Structure formats: structure tokens, C-alpha cells
There are 2 protein chains.
Amino acid sequence: MARKKRVYFFGPKGAEGNAGMKNLLGGKGANLAEMCNLKINVPAGFTITTQTCVDYFQSSSRWPTGLENEISKNMSRLEKEMGKKFGDPVNPLLLSVRSGARASMPGMMDTILNLGLNDISIKGLIEKSGNEWFAWDSYRRFIAMFADVVLGLDRRLFENAITDVKKRTSVVADTDLELASLVDLVEIFKKIVKSNTGKPFPQKPEKQLELSINAVFSSWYNKRATQYRKMYGIPESWGTAVNVQAMVFGNMGKDSGTGVAFTRDPATGEPRFFGEFLFNAQGEDVVAGIRTPLSIDQIGGKLPDAKKDLDRIYKKLEKHYRDMLDIEFTIENKKLYMLQARVGKRTAEAAIRIAVDMVKEKLITKNEAINRVYPEQLDQLLHDTIDPKGDVDVLTQGLPASPGAGVGKVVFTAEEAIEKAANGEKLILVRQETSPEDIGGMNAAQGILTATGGMTSHAAVVARGMGKCCVAGAEQIKISDKNSLFIVGSTAVHSGDWITLDGSTGRVILGKAQLVKPKLSRHFNILMGWADKTRKLKVRTNADTPQDAKIAREFGAEGIGLCRTEHMFFEGDRIVAVREMILAETAKQRQKALDKLLPMQKKDFIGIFKAMEGLPVTIRLLDPPLHEFLPKTEVDYAILAKDLGVSVVDLKERASKLHEFNPMLGHRGCRLGMTFPEIYNMQTRAIMEAVCELVKKKVDVRPEIMIPLVSHAEELSKARRNVIAVADAVMKRTGVKVKYSIGAMIELPRAAITADRIALEADFFSFGTNDLTQTTFGLSRDDAGRFLPHYVESGIFPSDPFVTIDREGVGEIIRIGIHKGRSVKPGLKIGICGEHGGEPGSVEFCYQSGFDYVSCSPYRIPIARLAAAQATINGASGPTSGKSVKNKTRK
Amino acid sequence: MARKKRVYFFGPKGAEGNAGMKNLLGGKGANLAEMCNLKINVPAGFTITTQTCVDYFQSSSRWPTGLENEISKNMSRLEKEMGKKFGDPVNPLLLSVRSGARASMPGMMDTILNLGLNDISIKGLIEKSGNEWFAWDSYRRFIAMFADVVLGLDRRLFENAITDVKKRTSVVADTDLELASLVDLVEIFKKIVKSNTGKPFPQKPEKQLELSINAVFSSWYNKRATQYRKMYGIPESWGTAVNVQAMVFGNMGKDSGTGVAFTRDPATGEPRFFGEFLFNAQGEDVVAGIRTPLSIDQIGGKLPDAKKDLDRIYKKLEKHYRDMLDIEFTIENKKLYMLQARVGKRTAEAAIRIAVDMVKEKLITKNEAINRVYPEQLDQLLHDTIDPKGDVDVLTQGLPASPGAGVGKVVFTAEEAIEKAANGEKLILVRQETSPEDIGGMNAAQGILTATGGMTSHAAVVARGMGKCCVAGAEQIKISDKNSLFIVGSTAVHSGDWITLDGSTGRVILGKAQLVKPKLSRHFNILMGWADKTRKLKVRTNADTPQDAKIAREFGAEGIGLCRTEHMFFEGDRIVAVREMILAETAKQRQKALDKLLPMQKKDFIGIFKAMEGLPVTIRLLDPPLHEFLPKTEVDYAILAKDLGVSVVDLKERASKLHEFNPMLGHRGCRLGMTFPEIYNMQTRAIMEAVCELVKKKVDVRPEIMIPLVSHAEELSKARRNVIAVADAVMKRTGVKVKYSIGAMIELPRAAITADRIALEADFFSFGTNDLTQTTFGLSRDDAGRFLPHYVESGIFPSDPFVTIDREGVGEIIRIGIHKGRSVKPGLKIGICGEHGGEPGSVEFCYQSGFDYVSCSPYRIPIARLAAAQATINGASGPTSGKSVKNKTRK
């Protein structure tokens, strides 16, 4: 086998690499090569491959054989190309050494500039630049940078030395330092290096280069890089490339300068060249923000030729890359050099506009435009946000559990929230953690703040469903219900005080912050239109109220995939009737309570069916264990006892019998329907009476009744017979004949494994992936807080399976379920409900696995629509491996 | 298609059916035919097929076409054969009509005798028998029986009439009734029928027969039959056959009689003809126990020829059937008629002896002998039982949770049990329900009684593991801890009162009942020896102490399949150290507590390894959630607080943080090992130090370390690395090199589904089917009490999946796990631990699925050994369908 080529040369006359070689050359190296191939003026240099970095670590931090030789050859070529010599006392070649991984890791890797300076070559630099101050300034910068990045010395040693000199010479700014001071500093810096490392500052340029290359390699494992990789799921195995490039100087005087720019506005997507420039400066100066930069247009006044060149080049590059770019450049003595060109980061708004505009400009296809927007980003557009221009007083930080922002007065109980909201007050509900009883209060509030609970806690899940902002698990908050206040450190926040929540970042802010309304642009609608035409998966919503159903429809929902009937149980006086039902001791008592609930449920269903006219509505019969509805307070018990005509003691005795050790695995779902068929019968009757009433009024209603927590075909069979019996009776009584279907929620491993038997009794399957994940992993979402974060952080799990579907395990069980189900009923309709239905990676999984639809909370519908379109476009490449990179780069 | 033959004739000259036609003719019909084919003297008759019964119900209780004709033809043949005519005034043929299903359903179906009697044929009966009293007695019996069974009248109407007549004539016994009274009674009975049905008693013999046949059909659905079928898992679809047979009369005088007998002793299995006989009596009289029967040998004195015939026939039958038989016969005027021959029911002791003896007698093969004993029966032999001869005072009834019997004084706390047992007292521990903390007390007691909890509650599972008797869920018991007593109805039982538990039946008995010791016979050992040579599956035990290990080894255990390290945590003072570990706030505190535990665990392991020398011992690292070990009482908290030097309030605060909503799915198993690696490290060190110490002393130790609750290969990989690191360190320190293996407990669906990845990190798999059943079904064993009994009773589940493995769902997941595991590691050792390992049906499943071994509690090892042998023998017939008949008939 031929020896691996480890070093790739590039220069204005062309390059050995190109933009397609990112894996080998890293993003920066590949783009530099590409620009060279486009004959754009780039300072020449060479790229050491990422593979070399990998090999370096595999051979215990030693250079692989041949690398030294290749570098040496490329250095010679570079010297020739630039007409300069490394370490030369007359015309020295100076270098920058930069990292460059496959994926952009901004600020993660360290850079060395001005490499090659020493006590000899400084003379050449003075000679060539004719600027002694600049040369000494460069030298002292280089020593400090080298000492910090390569030798690992504390940066402050050098900063303090500068401060001392400035004090001594009464100078304030670095730029005002006298030449003599700079010369002094070089000597002082060399001494610092000597005394702290025991060795003199390396004067040999080759040694400087060798150490710097190794430092770049090593930076792949520094703390920032490691964390960044973890955050964005970048594999450790990739390694980084090293770019060695001839220096050009923007700080050579008035005809020089440096700038960064975007080829379009990265905030709005407007098609205008947009950037900043500093005369007589080096790259860092722009980013560091020490001097106020000029707008990019201002170059033209002083350096019209360079500006003309720049305009020509950015357009050429954008056309070539067919995307908005982020570029860096330097002008040295009027001559423009391009230093960087890469696809630019952008807001959701900009991503959409640029994608749509580029289709119009015929730069990209509609499919490419759809793929250009990361679905998760859309979330930014759908909620109120805190005005980034305003000042805010951040009290503490919790988990960003449900995006958006909310401003309101603090309340501590759901009742108070409901009562005060009725008077038009804006409120933030603050709870230790929420329970199903709080739903009314959550709905009435602008946002929810909890002290405990994670991203998948009750508060978080319900809030996301409502599109309401939520900060969960703000652990520093100590709530005192007794005193109606909460404390963070030494700050007390009382009931009635204003606070602001930022559900997108987790910030809890004192007082009323300024909010910005979301606006869905014309471009958004165009893009979503294309997505809808492209996608094959239907997108439904999880909605429990007519109000949610309406919002969801506005966001493009094509039906309801999950309507949780129990959420209706907490409204108003219903809970009393619900509790009567639960604590009934005889079937007769239970029926009496159910009779009270029937008209209320019927009314709810009428509202929901109307809101979803013409679209399918899947209603899940009662699912949670009954004890979730039990009275919580003494007052509740007293009311109920009076209502039922029994003593509080008796009532509590009955309630205590409902206690369960593992409610998740307890007496719930269709198990309730088996032991108390009268409950499901009431719900079926309410649904069918609502349907028949509307059909009589010519409303197009498409009900689907879903049986939860099926584990055995026989359960479904029995539930189905009961539903049909009740439905037949209602239709007979009303004289209306309607179509409806009966399906199973597949949320237990056994249901999926025996799906061929269950499918015989089912008109459709809906995978409840929340519970399926819990049972497949044997993992309670509510209890996972003590170890799941550790699991994800330390890489035991590649990601949180409650956020992104676990394709390897849960996914395999789903595939078995689909395969077995359709083996006996080829056209079986299959959907997903639960949180995963709105997560782009999981949507892709659903498409690949043959689902008919996904269902998600209203505010995630656009995300699911876009993700579904992308899945269709990318589906041709076949099912993916099961591992996915989080926040993956747009293609 | 030829019309189905519905009626099969049999008679002493031969029969149309045979013993192989049980499905069609029912057990009784097939055996009658078989005897006829053997030319044994059986009263002639015919059998209407079971299929006819099925067809009868399918055509709305009407006779299928052709049946009438076939019956009529067979009646003619029967009249010819017997030389009598149905309803004849001179020589009438009388019939018995009996049910006879495929499986024996004793007492379930009603019988009609003397059918064909009416006001005319009575004359013939008088004529032929020369016994007027007998004839009228037969007639009045027939009317009453017919009225009861066929017409559905209350039996007491007739009994009262007899009582009246007896009073009037001053007679005490039925046998002393005067002839005139019998004649009167016939008239009175006919009037009762007329006035209660509106129709006269049917005089036409053909009508009597038709109605009787229909009554037999209908009895298939009577309450007793339905319940029996449910109890023994007999399908409703089978139907019953009807046997119509010529009557013979044992009550014809001194030369007549009737008897029942077993060809060998059904209690002990001794090879002696064993039965009872009554002169001048009909079959019912023997069973009814009105007169004291004679021993079978006493026939010989008066009726030597008949006795000689009987001896010849029973031997012939036993030889023919190659099994111990239960026979019925009648002698009519010195002539012997056989009425029934079927395989006889027997005790476990008898089953074993008969099987072994018959092999010696060359009647059956060893394989047949193995198949002759129902494994579950062996349980009878392994525990103390209550002397069936003694009188007992049953207080209440609970669930028969763990077999055997126990006598002791009532105690209400584990502490008290331990304390008093130390003084040699015998105790019964009575608890509302038990928790892991009670284990010491359970071990100290003779038996455990709980008020709540089912067959799979903590008390039941642990007691079975200990081989200790347990009555669980005795719901009538109200415990008052405060007053140290429990109440059932109006009876109070105080601490210190004697009670007796019958764990095999669930009886709770006041006072000290007489117990009988178990004895394992020579025959038992012979049979088990054959079983051991036959079986392919290894049988290991679940044992947590050296003592259990020893018992298990005596019962034939071939290693330990599951040693639960946490059971050791409750002994003595250890719990204090365990609690210190749990509530430690720093790793240092935790390490300190672990250091205290290390020597204790090491000592346990030494004991267990010694007891299992030469055999493999699988040790599971810590599994339960930590809060199971938390202090329960204020005193516990006070002790611990002092120990840790913190306040009780602080301690409770820490403890409360460990609360879990669904502990089953919480922070347990290897999740503990991931977040607190120091715990597993301590356990590994204790194991390996014990191993090394013993190896130095030349003890043959074969440790297998098992990681519980694995859901992802990465967990096992990490745990494995840690175990290896600790083991290497111990081996290095001690200078001993030992072999050990590391495996995974497969008890979560995800582990089975991803077994191909997990197997790469595992030396063995052990399926934890308890938890796997819980997660696959999404069903908490502890909470299932409110609906699982209903599920099993109403047939939603074919059986309790915690008792018999659910082959369709859980079984399929296991098969996937085995297939995937062995796809990457063909020789992967696979076992099962958990309750199913000792259940015969599940053992069969394990054999068929390719397991290497099962593991069960010590007292179930013989059961598993026998079941494993049967599985091997019957395995050739391939995997079964997944549904199994409970208590299935021996083959």
C-alpha cells in the first residue's frame, strides 16, 4: 500500500485538496484549498491531515514516519512560493498555525501567529516592513502566545509584565507603548519563559513549528474541545487537521486592515453583504472588540480596489458554495488576501429567508432549501422571546423546559392562578413540582417555574404541550408555601411580585422583562408549503381541548393523534364527580358519578370534533391510575365526604387502598376498562353521542377510539366488543350511522412483540413511545434524574432516550411491532404519539420505519412538518445507522 | 363426505371403539370399549360422541340429523345383545346414562340409573328379579333421580316425602321401608313431578332416554362443570360423550354386590389390590358411605368364582394399560361385570413407587416412569404436612403461598421472632405484609402469615425460597400492632398464642396441629437418578446463605444460579453499615461504610463457596434500590444519626431524597454500579478475596459475577472493566491466579433486543424472568393484586405470567435474546433465575429454547430436575404451542 499522504499544499495557483475533502483536511483546510482552486488570493500554506492527528495519538504523541519529511518539503515549496525564507535575517517567512476539525468548533482550538520570529528574523521583519514598532510588537505577541498555547504558561504572567511597563512609562493603551518598551518586553518575556520552563524560549524556527503543530494536536483533547464535542456529539475519533500558512499583516499601516463578513445578513437573511473591518489591525482585534470596527462598506473609500476585489470574491464564493458564507480576510498594503470561507451560522429567520431566496435565485433546489433549515430551530420563531436588547436581572437558572418567555406575578397554587387570571392578571405559577391537578392553573398562567423535576417532568411535558414557557428544576429556589414566598440565596420573592421566565434558556428574571412577539414571515410560509408538498408522513397533534386543537390546526395539524380524556377531568367541578367515581364502593355509586361526568365529556368532545372538522381525531380512553385523581387536601376530603355521605376517615381508608408501589406499572390503562367497564362505557357513550349529534348537523366527524396500555390481544378484543356494543346502542337510539375506528396504543414491549395477534383486533396502532421507552429500558422517567444525566454525560447512553428515540432498542421493538402488525393486516394505519413525535431525529426514524403519521404538541407541528419533509428527501439514502449526531450540520 | 358416525356400540363380544379414542368417546366410553375388546365382561351399551355434544349446542340444543336413527339402531342391537326389551312388561331392558368427557371430571356430571322403568316395565323387573321390594325401590329411586337431574326439581321435595313416610310408618333407615311404602312413594313422587312441572312423569322409555341424553349434554355447562374446567384449564370446546349402558344390579340379593378398587395402593404405591365392596348394594352405596364396606378380599369367602374372575381381570387390565387403575364393578347373581377402568389418581409417593416398580416389572420403560410423575406433586414430599387424621380448628383461609406446615407461637415483629427463636421457641411471624427487613425474622420463624399480598408478594417469594411455609393475603385478619393481637371475626389471637399454618392449602389453624415429617423414599432416589441421567438441562439453585446452599446441594443442585448479595445486608449489625453507606454524603463517608461491610461480605462468600465446592456460583452484585435499606423506625434513625454524627432531621431529609415514584424502574441494579462504582468495587473485592483465600487452601471455587438490570451494552462494558480492574488487583496482591467469569442478568426487554451487542461483553446470560415479565407486560407484581386475579379468572390472560412463563410475549423476547446473543457468541452459556426456574411448564420452555440451566429455590430443585427430564423425553415432539393446560394429565 502506498504511504498515506499527510500534507496537502495550497496556494493562489491552486491546491492539492478541495472542499470535498473536509474529513481529511478539516473544514478550514478544505475551504482554503477550494478558494485556491478558484484562483482566489489566499496566503499559501499547507494542511496536515486529521488522520495524522489520530496517528499521532495512537503512537504515543510521536510524529508518524514520514511526516517530518513531508513537512520539510512543503516548507521549501512555501518558501519558494512566497519568495521568503523561514528564520531569514533579511526576508523572513512568518507563519500562522491553526487547528481545523471536520466540524466547525469555534473558539475551541488555539492559534499561533507570527511563528518564525526570533532574535535574527526580527531584523528581516523590520527591514521588510519598514516598521520597527510593528515588528517588535509582533515578536512580543508571538512569545506570549507561544508561551501560553504551546508551553502552557499562565497568560497573566505576560499581561502583568505589560501592565508593569505601562505603569512605569505612564501609558494606558497597548498601542501607545513606546518602541523601547516593546523591546524591553521581548526580553522580559523571554526571561519569564526561561524561569518558568527551565529552558530558553526556542529560537530555532523549525523547533517553534514542531512544538506548535504538536500543541494543535494536543488541543483536540483540551477541556473546552472535549466539552464542545460532548455537547454537539462530535466523535473523539475524528481528530483535527493543522493549517500552516504564510502570515499576511493587516497591521502594516493605513493601507492594511482586516475584516470578517457574512455574504448575507445572518440575523434576518436579507441579501446584503454584511460585516466589519478595522484598518491597521490583525484578526484578533476585530473579534476582541477593543476598537470599534467600521462597516464593510467603509473600506471602499480608502481602498477601492481591494473593496472591488472583495465584492467580486464574495459573490463568486457564494455562487460557488451555493450558501451564505462567513468569510475572513486581510488587506496587506492594499492587497486583499482571503483567510477563511465557511458556511455561516444564522438564525432560524435568516435560514428560512436565505433558503427561499436562493431557490428564487436558482442557486439551490426546493429540496435543498428544505434541508437548509434545522427543524429544531423553528422553535425560536413560535414563541415570545425576551428582547435581547433589554437589560435583565437574572435571579437564578433552571432547565429550559419549555421555550418562550412569560412575564407575570408570582402565585403558588393553581387555584390562585385560575382565580386571578379570571380578573385579567398575568401570573407565573411557582411550584415545587406540578401534578395533574395543577393543569388548570398552568393553563391560566403565563409560565411555570418548578424547583424540582427535569426536562421530562410533568411540568415540562405539559407546558410544552400547551406551548407555555416553563423553567423546571430551578434547584436554588426554596419555596415556603406557608409564607407565600420563595427564596434564592438572600433574595425573597413574594406572592404578587413580578418575575419573568425565559423557557428557552432557563433564566429566572426579577421584574418585568421586555418581550418580543413571534412573527411568521412570508418566507416561512413558502418554505413550509414546499415541505408539505414533499413529505409523506402526516403530522397530527396531541390536543386535549378545543382551544389546543384550534392552535394546532393553525400550525398545520392534519388531525389529532392523541386526545387525553383524563386531562378534562380536572376542569372545574368535574374533579369532584371524578373522585366520587373513584371512591365509589359499589357499581351503582360509580354509575351515579359517571352519569354526572357524561354530559361534561360529551361537551368537550363536541368542541374538539368541531375544531377538527374533516380531520381524524384519536381519543384515548382513560389511562392514568385512579389515585392520580385523589383529593390532595383536607378540604378536598371534607367536601367529598359530605358529597358521598361518608366519614373522612372512611374515605381516606378507601383512598389508601388505591396506593401503588409502581403506579407506572399498576392498575391503569385498559386494565381500568377491564375491571370497571362502566368507565369506558361512559366515555364511549360521550364520544358517540357527540359524534351523532354533530353528524346530524352535517359536521364531518372522524372519530378514532384508542385503547391504552394493551399488553394482550384479549384485552383489546374485550374492550373492542364493549365499545361496539355502546356505539351500536347510541347509533340505534339517535338513528345516525357513523364510521369510527378502534385502535390500540402500543406502549408495552409485549404489545409490539405480539402485534400480529393484536392487529387482528385493531383498526390502527399508535405507538406511545414515552411508556414504551420506560418499559423497554425498565426506566422510570420520573426517577431517572439521579442517574440519567450521568449516563448521557459519561456516554453510557448516546443520548437521552426520552428526547431522541433509542433506535437500537426501542426502535427495534417498534419495527418488530410494525412488521408483525402489517404481516396480518397489510394496510394497518400506524402513528406515534408522545414527545418523540415532534423531535426531528425521531420523525426521521418514523418515516424510515413506515409510519403513516406522527403526532406532537401544537407548537412543535411546524418542526415535525419540516423534519418529515427532510426525512422524505433524505430517505433515498436508506435507514441510518441508529446513531445520530446531535445538532447535526445542515447539508 | 360420509356422515359422521355418532354412536359407537360396545359389548362383551367386542366394541366399535377402543382406548385410543378418548377424544371422541370420552375417557369412560373409550375404556368401556377397550375392556370389551379385551373380552372382559362389560354390560353392553353404546357411546354418543363428544362431537355430537358440540354439534348439539351449535344447533341450538337440537339433535343433529341422523342421531335419532343411530340411537334407535343401537338400542335394537343392545336389546338383542342383552335378550331384553326396552319398556318390556316381561323382561325389560334398563339403562344407565352417564356423562364421560375427554378428561376425568369426577363428580362433575350427573348420572341416571334404572332408566326404562315405568308402570309397565316394573312388572317385568319384579318378574325377572323375583324381588318386588328391589323393583319398587329401583322405580322410586329412578323417578327421584330423573326429576332431579333431568327435570331440574329440588331433590329435597323427594327426600321430605320419604321422611314423611318413614315417620308415618316409624321406620328409621331407607332399607327398612316397607314394600307398601315404596309403592306409595312411587305414586307420591309421580304427583310431585306432575304438580311441579305441569306434566306427568314420562312413561315412555324412549322419551326418558331422549331427555336424559339432553340432560347429560346440558350438564357440560352446569356450574360445577364450568368451574372445574376453569380450575384445570379444560377447554369448553371439548364437550362430553354420553354412555348408555344396560343396567346390572348389585342389589339383587346376597349373591350380588358392587365394589371399587385400585390395582395398587393409591396412597403408598404398594403392589397390592386394594378396594372396597358391599354385598347387595348399588354403586352409589359404596361411595355414599352409608354402610361400612368390606375389604376387597372378603368377596372371596362368599363368591370365590367372582373373586377369581376379578383378580384375573384386574391383572389383565393393569398389564394391558401398563398403569395403576381405578376400577368399578358389580356382581349380579354371582356374575362379575366391569363398569369402569381408568388410570387411577395417586399421591406423589404412590406415583413414584408405582413408576419405579413397573419398570422393574418390565411393564414400562424408564422414560415412561419419568413421565408418570407430575413434577409439581413432588412438593408434597419435601415439606412437613398436617396429619390428615387429626382434627383441626380452622380460623381462616389465606393463599397457599409456600407449601408445608408450621406450628408456633404468634409474634408480630421480626425482632421478636429472632429474639425468641434464640431461646428455642417455635414461632409464627404475623405481619400485614413483609419487607426485606423482615428476612431475619422470617428465617427464625416456623412460618409466615400475612394479611395482604398475593402468591408473588415478598413474603411468598422469600418463604418459598427458604422452603418455609407461608399463608399470604389472609384478608380477614385485622392486625393490631398496638395491642399485639390479631382478630378474625370475633376471635382474638394474642402474641404468644399457638397457631398452625398450612401453606399447602392456605388454612390458618388455632392451636398446635399434629405434623407429619417428609420422607424421601428409596424409590424417589431411583426415579430421580433416572431423571438426572436423562435430562440435558442443568439445575442450579437460588441461594443467599451457606445454609441454603447446603440444603440445595442435598436436593441435587448443580451450582448456584443466583446469589443475591443484598440479602446478606440485613443480617445482624450489617444493616447499620449499609445505611451509613446509603446516606453518606461524600465518597469518603461511603467508602468508610463500605470498608466495614467488606469483611462481612467476604465471610459470607467464603461460606457459600465452600458449600458449593466444585460447582459454579453466580453472584449478583447489588440490585435493589437503596431506599429499601433505609431505617424504618424512629429508633433506627436515632441510632444511625448518632453513628454518622448528624441530626435525625438531616438524616430524614437525606432519606427522603431517595424516594422513588416507581422504584421498580428506578435507581437500582447496575445503575447503582454506574453512579457509585465504589459499591460494586467493594463487592467484587469481597468475592475475589474470598476466592483467592480458598484457592490457596486448594478449594475448588468457580465464581461467576453477574451484573443486574443491564439495559445497554455500555453499562456492562463499564461494569466489566471495573470488575476486572479490582479482580486483577486482588489477584496481584494475593499472588493467586483464578478463573472467573462476568455475565449479564437479562431482565429488561432492551437487553434481550440488543443481546447481540451485550453478548460481546458477557461470558454468560441469566434471564431474570420476574423483572422481564414485569417490564414486558408493564405490570408491577406488587400492584397486580387488584386486577390480575380478574384477568386470569375471566380468561384475559391464560394464566398468571408470574407463575407460568408467558411464552407468547415474554418467551418470544427471551428467544430473541438467545438468538441474538448466540449469533455473536455461539457457545454463550444461558440460564434462568427467578421463580419460573422451578415451574415445570417454564422448565420445559427453557429446554426447548436452548437454555443451559435453570435455577430455582432449594425446595423446588427435585421438581425442576424431573421437569427437565420430562422436557428432554418429550422434546422430540418439538416446541409446544405456547398454551398449556394447567395441572395437565400425566401421559
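Residues numbered from 1 in each chain as written. Chains lettered and ligands numbered in written order. Predicted model: local features only at pLDDT ≥ 70, side-chain atom pairs only at ≥ 80, totals over all residues. Heavy atoms only, no water.

What am I meant to see in the overall build of chain A here?
A tally of regular secondary structure across chain A gives 33 helices and 34 strands. A separation of at least 24 residues holds for 68% of the contacts in chain A among residues at least 6 apart in sequence. Each charge class in chain A was averaged separately, 125 positive and 106 negative side chains, and the resulting centres sit 5 Å apart. (Helix = DSSP H or I, 4+ residues; strand = E, 2+ residues; numbered from the N terminus. Contact = heavy atoms within 4.5 Å. Lys, Arg positive; Asp, Glu negative; His and termini not counted. Charge placed at Lys NZ, Arg CZ, Asp CG, Glu CD.)

What should I look at first to understand the relation of the copies chain B and chain A in this one?
Superposition of the two copies of the chain requires a rotation about an axis together with a shift along that axis. If you rotate chain B by 179° and push it 0.1 Å along the axis, it lands on chain A with an RMSD of 0.3 Å. What we have between these two chains is a two-fold relation. (Least-squares fit on C-alpha atoms with pLDDT ≥ 70 in both.)

Even after reading the chapter, I still don't get the interface of chain B and chain A, so can you show me in this structure?
Interfaces are often described in size by the accessible area the parts lose on coming together. In this assembly, 51 residues from chain B lie in contact with 51 residues from chain A. Surface buried jointly by chain B and chain A totals about 4,600 Å² across both partners, of which 56% is contributed by carbon and sulfur atoms. Connecting chain B to chain A are 9 salt bridges. One salt bridge connects B:Arg750 with A:Asp806, and the closest N-O pair in it is separated by 2.7 Å. Applying the counting rule to chain B against chain A returns 28 residue pairs in polar contact (both at pLDDT 80 or more). Listing elements by their share of the side of chain B that touches chain A, those giving two or more residues are α24 (670-675), α26 (713-734), α27 (749-753), α29 (769-777), α30 (788-793) and α31 (807-824) of chain B. In terms of residue count, the dominant contributor to the side of chain B that touches chain A is α31(B) (6 residues). Of the residues contributing to the side of chain B that touches chain A, the split by class is 19 nonpolar, 16 polar and 16 charged. (Buried area = accessible area lost by both parts, 1.4 Å probe. Salt bridge = Lys/Arg side-chain N within 4 Å of Asp/Glu carboxyl O. Polar contact = N/O pair within 3.5 Å; in protein donor to acceptor, adjacent residues only side chain to side chain. Nonpolar A, V, L, I, M, F, W, Y, C, P; charged D, E, K, R; others polar.)

Could you clarify how one ought to interpret the sheet that holds strand β7 (residues 112-115) of chain A in this entry?
In any sheet, the strands associate via hydrogen bonds between backbone groups, in a parallel or an antiparallel arrangement. Residues and elements named next belong to chain A. Spatial strand order, β2-β1-β3-β8-β6-β7: 6 strands in an open sheet with antiparallel pairing. Only two strands of the sheet have a single partner each, and these edge strands are β2 (14-15) and β7. Pairing between strand β1 (residues 7-11) and β2: 2 bridges, direction antiparallel. From the neighbouring strand, Gly11 faces β2, where its bridge partner is Gly14. In this fold helix α8 (residues 205-219) packs onto β3 (45-48), β6 (95-101), β7 and β8 (240-246), with an angle of close to 145° to the strand it touches most, β8. (Pairing = 2+ DSSP bridges. Axes fitted to C-alpha atoms, helices over the stretch in contact; angles between N-to-C directions.)

I keep staring at helix α32 (residues 840-848) of chain A and nothing clicks. Help me out?
For an α-helix, the turn length of 3.6 residues means that residues three or four places apart are oriented alike. Residue and element names in this part refer to chain A. Among the residues of α32, those classed as buried are Pro840, Ser842, Val843, Glu844, Phe845 and Cys846. Tucked inside the fold, the buried residues of α32 contact α31 (807-824), β33 (829-833), β34 (853-856) and α33 (861-875). Just beyond α32, the residue with positive phi is Gly850, at close to 90°. (Buried < 20%, exposed > 50% of the residue type's maximum accessible area, 1.4 Å probe, protein only.)

Sorry, what's going on with helix α29 (residues 769-777) of chain A here?
Residue and element names in this part refer to chain A. Burial analysis of α29 places 9 of its 9 residues in the buried class, the great majority of the element. Within the span of α29, buried status applies to Thr769, Asn770, Asp771, Leu772, Thr773, Gln774, Thr775, Thr776 and Phe777. Phi for Gly778, located one or two positions after α29, is positive at around 60°.

Just checking my understanding: could you explain the layout of surface pockets for this structure?
Summary: where empty space remains is shown by rolling a probe the size of a single water molecule over the atoms. All names here are of chain B. Quantified by volume, the second largest pocket comes out at close to 580 Å³. As for the second largest pocket, its lining consists of 31 residues, and the residues nearest its centre are Asp384, Ala405, Gln446, Gly467 and Lys517. Of all the elements in the fold, those that place two or more residues in the lining of the second largest pocket are β17 (405-411), α16 (439-444) and α19 (546-554). Class assignment of the residues belonging to the lining of the second largest pocket gives a composition of 17 nonpolar, 7 polar and 7 charged. (1 Å grid on protein atoms, 1.4 Å probe; cavity = no way out; pocket = protein on both sides within 12 Å on 5 of 7 lines; lining within 4 Å. Points joined across faces, edges and corners; volume = space filled by probe spheres on them.)

How do you make sense of the side chain of A:Thr773 when you look at a structure like this?
All names here are of chain A. You can see Thr773 is positioned in helix α29. Residue classification places Thr773 among the buried residues on the basis of a relative accessible area of 0%. Not counting residues up to four positions away in its chain, the partners in contact with Thr773 are Pro801, Phe802, Val810 and His836.

What is the right way to read unusual backbone geometry from this model?
If a residue is not glycine, its phi is most likely negative; likewise, a peptide bond is most likely trans. Positive phi, close to 50°, is recorded for A:Asn333, a residue that is not glycine. As for its placement among the helices and strands, A:Asn333 is situated in the loop between β12 (325-332) and β13 (335-343). For B:Asn280, which is not a glycine, the phi torsion comes out positive at approximately 50°. For B:Asn280, the position within the fold is in the loop between β10 (274-279) and α10 (283-288).

Function cannot be read off these values alone, since they describe shape.
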